[in-house]
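One letter stands for each residue in the lines below.
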Amino acid sequence: MTDAGFVLVGWVLTGVAVSGYRLRIGQRSRRARRSLADPAPPTRAP
Amino acid sequence: MPLTTPPPTTSTDARPEADAETGLLRPRVAMVLGVATLAALTALAILGLAVAPPDAVQGDAQRLMYLHVPAAWLAYLAFAVTAGASALWLWSRTRAATWDRLAGASAELGVLFTALTLVLGSLWGRPVWGVWWAWDARLVTTAVLFFLYVGYLALRRIPGPGRERRSAIAALIAFVDVPVVHFSVEWWRTLHQQGTVFNEELSAEIEGTMAFTLWFAVLAFTLLYVYLLDRRYRLGALEEGMERRELDAAIAERLAEAPGRAVEAAARAAETARRRAEADVEPVGGAPR
């Protein structure tokens, strides 16, 4: 791989990691908001 | 950093979930920061990949510096915030659930950016050093740092009384490795280069555009850290609200199922409430909610 190849892989990996993390936070937040807005609260498994 | 306060309740029977989502930043500030962060990272990509010249010795491979150095800086910053928040939780006068939540959120970001530092360093090392990995003091101490905080995050997930205390103590112990990582290049002979920018003996001169891009990268990544920290902190508050709700529902269910054991269940609920109140002690002088 050329030097430019290593650089591109590094930048793409950083972008994927950061945006993936941000999306995961968004997904979990939406799920939590939905759960809190649900009038029938969930119960824990025995 | 502007801090939000809980929204005022308009009725006495307001549900606790109503103010479960509390961030470090006001929503409008968080939104502006998100846009600014995206713009800064886009500008950084243009600066780092096209505008800054290639290094005279390393060529294009040196462009990884614009990610590797700020990622390492963010890891230090994130773990310092975790240690500071943990110390504030441990000190009885400032103890508040918000410090524990902040410590956990920042540690997660620290782990993410330590992992990126290691991967980007490896990608940079292959063309420059000829190896993906070397048993070098800087590399090894950074890997140890990564695993220490992965362990810290695992420890946080173990429920039960004393979770906050043991997490805070673990965070302070793990932080000892941060100065070891930083000074490893001075304490031992390493393949990794020594500090360059602030090294007075070296008095290195970085070319104007390269220096600007490096400092801009540090700024852009710091914005990214604050933005992600706010989002992660907010998620922590939401998930704690969910846990409280599930616990309350479970207690109510047990009470309904076995009226004869109501006293026992009520005692357990009171104990839970007492522990929660202890964790939520408001600090003297106020703390972010």
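Rules behind the numbers
- Residues numbered from 1 in each chain as written.
- Chains lettered and ligands numbered in written order.
- Predicted model: local features only at pLDDT ≥ 70, side-chain atom pairs only at ≥ 80, totals over all residues.
- Helix = DSSP H or I, 4+ residues; strand = E, 2+ residues; numbered from the N terminus.
- Buried ≥ 20, exposed ≤ 12 C-beta atoms within 10 Å, placed from the backbone.
- Contact = placed C-beta atoms within 7 Å.
- Nonpolar A, V, L, I, M, F, W, Y, C, P; charged D, E, K, R; others polar.
- Axes fitted to C-alpha atoms, helices over the stretch in contact; angles between N-to-C directions.
- Parallel < 35°, antiparallel > 145°, perpendicular 65-115°, else oblique.
- Left-handed = near helix turned anticlockwise from the far one by under 90°.

Novice: Please provide a residue-by-residue account of the overall build of chain A, values included.
Specialist: Scanning chain A from terminus to terminus reveals one helix and zero strands. Here chain A holds 46 residues, and the buried ones make up 17% of them.

Novice: So what's going on with the interface of chain B and chain A? Residues and values would help.
Specialist: Reports of interface size often rely on the accessible area that becomes lost once the parts have come together. Counting residues at the interface gives 32 residues for chain B, matched by 24 residues for chain A. Elements supplying a minimum of two residues to the side of chain B that touches chain A: α1 (27-51), α3 (97-129) and α7 (208-257) of chain B. Broken down by element, the residue count for the side of chain B that touches chain A peaks at 15 residues, all from α7 of chain B. Looking at side-chain class alone, the side of chain B that touches chain A contains 19 nonpolar, two polar and eleven charged residues.

Novice: Go over the packing of helix α2 (residues 65-90) of chain B against α7 of chain B, please, and point to the residues and values.
Specialist: For any two helices packed against each other, one specifies the inter-axial angle together with the distance between the axes. All names here are of chain B. At a minimum axis separation of 9 Å, α2 and α7 run at an interaxial angle of 45°. The angle between α2 and α7 falls in the class oblique. Remark: the crossing between α2 and α7 carries right-handed chirality. Contacts between α2 and α7 pair Met65, Tyr66, Val69, Pro70, Ala71, Trp73, Leu74, Leu77 and Ala78 from the former with Thr213, Leu214, Ala217, Val218, Phe221 and Tyr225 from the latter. Grouping the amino acids of the contact of α2 with α7 by side-chain chemistry returns 14 nonpolar, one polar and no charged.

Novice: Account for the environment of threonine 272 of chain B, naming residues and giving values.
Specialist: The residue threonine 272 of chain B is located in helix α8 (residues 262-279) in this model. In sequence terms threonine 272 of chain B and arginine 244 of chain B are 28 residues apart; their C-alpha atoms lie 9.9 Å from each other.

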